[in-house]
Amino acid sequence: MEYLYESAPRSFEDFASGRVLYNARGTTSFPVRLASELAQRCFHLLEQKGAEGPYTLYDPCCGGAYLLTVVGMLHGRRLGRIIGSDIQPDVLPIAGKNLSLLRKEGLEQRAEQIKSLYEQYGKPSHRDALESATRLKELIAESAIEEAACFQSDITDPKGGLDRARGTHIVMTDLPYGDLVSWSGGSGEPVQRFFDQLHPILDPACSVVAVISDKGQKLKHDRFRRLQYMKIGKRQAAIFEPLGN
């Protein structure tokens, strides 16, 4: 894969799961460089459509909201709303905690938790986490995000209820593909149902969909046009735009 926006390697250690961001057992993190690259590609495509931010970002398979939180921290100036949903109710409390870090108050509360741990145990890892929290505070200082929330929903279920995600400009998600996370709904064609459910909540004139998965899943749908395709190690990623009805 050729990186267009994150072409220069840099450290993303401040975003390590469990450092400042909360770690949800049984969920996956996501390569931060790739998340930032895909977000910026989506911004560019929306600008070409004439759609200006701040944008609404939605992840329908959000897990612990690691991907959403990272993108929100890195590109909060271009985002107004961040919405996540997941079929598993037990991951949503962690998702909510991570999304709270996009607000000054939430990040300060997390920093106080880490400070207490450092005072109690004196571990270098806690000291490093405190330093990361300070840098993340500076990062979100100019954020335009007014809402960051999550809810339970099965993206493969026609009755899943996605009204809260209407008005989405960017869908970005890492599809389940075994190991720690797999599809949990009852659909025999989850990827097709995923696209089916997204289409009604998107405006073709001002929305794009970035999907990441393993190479075994077919990323295509007759109501979406593929704009970009990338191979990244064992992963693949594609960006689509919805077609009109």
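Everything discussed here concerns the structure shown above.
Residues numbered from 1 in each chain as written. Predicted model: local features only at pLDDT ≥ 70, side-chain atom pairs only at ≥ 80, totals over all residues. Heavy atoms only, no water.

Novice: How should a negative patch on the surface be read in this particular structure?
Specialist: Taken together, the side chains of Glu-105, Glu-108, Glu-112 and Glu-119 make up a negatively charged region of the molecular surface. Mapping Glu-105 onto the fold places it in helix α4 (residues 104-121). (Patch = residues over 30% accessible without salt bridge, like charges linked within 9 Å, V, L, I, M, F, W, Y side chains within 5 Å. Areas by Shrake-Rupley, 256 points an atom, 1.4 Å probe, with all protein chains shown as cover. Salt bridge = Lys/Arg side-chain N within 4 Å of Asp/Glu carboxyl O. Lys, Arg positive; Asp, Glu negative; His and termini not counted. Charge placed at Lys NZ, Arg CZ, Asp CG, Glu CD. Helix = DSSP H or I, 4+ residues; strand = E, 2+ residues; numbered from the N terminus.)

Novice: How should I be thinking about the layout of surface pockets in this particular structure?
Specialist: Vacant regions in the atomic arrangement are exposed by a probe of water-molecule size rolled over the atoms. Put simply, the second largest pocket is a space of about 160 Å³. As for the second largest pocket, its lining consists of Arg-10, Ser-11, Phe-12, Glu-13, Asp-14, Phe-15, Leu-74, His-75, Arg-135, Leu-136 and Leu-139. Taken together, the elements giving at least two residues each to the lining of the second largest pocket come down to α2 (66-75) and α5 (124-140). With three residues, α5 is the largest single contributor of residues to the lining of the second largest pocket. For the lining of the second largest pocket, the class distribution of residues is five nonpolar, two polar and four charged. (1 Å grid on protein atoms, 1.4 Å probe; cavity = no way out; pocket = protein on both sides within 12 Å on 5 of 7 lines; lining within 4 Å. Points joined across faces, edges and corners; volume = space filled by probe spheres on them. Nonpolar A, V, L, I, M, F, W, Y, C, P; charged D, E, K, R; others polar.)

Novice: Any chance you could explain the packing of aromatic side chains here in plain terms?
Specialist: Each aromatic ring pair is specified by the distance between its two centres and by the angle formed by the two planes. Under the criterion given, the structure shown has six aromatic pairs. Note on Tyr-58 and Phe-151: the rings are 6.4 Å apart at their centroids and 5° apart in plane angle, and the pair reads as stacked. Here Tyr-58, found in strand β1 (residues 55-59), pairs with Phe-151, found in strand β3 (residues 147-152); they are 93 residues apart in sequence, far enough to count as distant. Considered together, Tyr-58 and Phe-151 belong to a single accessibility category, that of buried residues. Between the aromatic rings of Phe-195 and Phe-224, the centroid separation amounts to 5.0 Å while the plane-to-plane angle is 55°, which identifies the pairing as tilted. Note that Phe-195 is positioned in helix α6 (residues 190-198) and Phe-224 in strand β6 (residues 224-232), a separation of 29 residues in sequence. With relative accessibility at 6%, the residue Phe-224 sits in the buried group. Among the aromatic residues, ring-to-ring pairing joins Phe-194, Phe-195, Phe-224 and Phe-240 into one connected group. Here Lys-123 stacks its cationic end above the ring of Tyr-121, 6.0 Å away from the centre of that ring. (Phe/Tyr/Trp six-rings, centres within 6.5 Å; stacked < 30°, edge-to-face > 60°. Buried < 20%, exposed > 50% of the residue type's maximum accessible area, 1.4 Å probe, protein only. Lys NZ or Arg CZ within 6 Å of the ring centre and 35° of its normal.)

Novice: I'm lost on the pattern of salt bridges in this one. Help?
Specialist: Where side chains of opposite charge bring their charged atoms close, a pairing between them can arise. Using the criterion set out here, one finds 13 salt bridges in the structure. Linking Glu-47 and Arg-78 is a salt bridge whose minimum nitrogen-to-oxygen distance equals 2.1 Å. Taken as a pair, Glu-47 in helix α1 (residues 32-48) and Arg-78 in the loop between α2 and β2 (79-86) lie far apart in primary sequence, 31 residues in all. Look at Glu-47 and you get partly exposed, because its relative accessible area is 41%. Arg-78 gets classed as partly exposed once you look at its relative accessible area, which sits at 32%. Connected through shared salt-bridge partners, Lys-49, Arg-225 and Glu-241 make up one network.

Novice: Teacher, can you tell me more about the packing of α1 against α2 here?
Specialist: A pair of packed helices can be characterised by two numbers: the angle between their axes and the separation between those axes. Remark: α1 packs on α2, axes separated minimally by 10 Å, with the N-to-C direction vectors making an angle of 65°. Taken together, α1 and α2 sit at an angle that is classed as roughly perpendicular. As α1 packs across α2, the resulting crossing turns out to be right-handed. Each of Val-32, Ala-35, Ser-36, Ala-39, Gln-40 and Phe-43 in α1 lies in contact with α2, whose residues at this interface are Tyr-66, Leu-67, Val-70, Val-71, Leu-74 and His-75. (Axes fitted to C-alpha atoms, helices over the stretch in contact; angles between N-to-C directions. Parallel < 35°, antiparallel > 145°, perpendicular 65-115°, else oblique. Left-handed = near helix turned anticlockwise from the far one by under 90°. Contact = heavy atoms within 4.5 Å.)

Novice: It is not clear to me how helix α3 (residues 92-100) should be interpreted in this structure. Could you clarify?
Specialist: Structurally, the α-helix is built with 3.6 residues per turn, so residues lying three or four positions apart point the same way. Within α3, the full set of buried residues consists of Leu-92, Ile-94, Ala-95, Asn-98, Leu-99 and Ser-100. Packed against the buried residues of α3 are α2, β2, α4 and β3.

Novice: Any chance you could explain α4 here in plain terms?
Specialist: Compared with an ideal rise of 1.5 Å per residue, which puts 18 residues at 26 Å, α4 spans 26 Å between its outermost C-alpha atoms and is within 8% of the ideal. Within α4 the residues assigned to the buried category are Gly-106, Leu-107, Arg-110, Ala-111 and Ile-114. The buried residues of α4 occupy one face: seen down the axis, they fall within an arc of 135°. Those residues of α4 that are exposed and angled more than 90 degrees off the buried face are Lys-104, Glu-105, Gln-109, Glu-119 and Gln-120. (Expected span 1.5 Å × (residues − 1). Arc of directions from axis to C-beta.)

Novice: Which parts of the structure should I look at to understand unusual backbone geometry?
Specialist: Excluding glycine, residues mostly have negative phi values, and the peptide bonds linking residues are mostly trans. Cis rather than trans, the peptide bond between Gly-53 and Pro-54 has omega equal to 5°. Note on placement: Pro-54 falls in the loop between α1 and β1. The phi dihedral of Ala-65 is positive, around 65°, even though this residue is not glycine. Within the secondary structure, Ala-65 is located in the loop between β1 and α2. The class for Ala-65 is buried, based on a relative accessible area of 0%.

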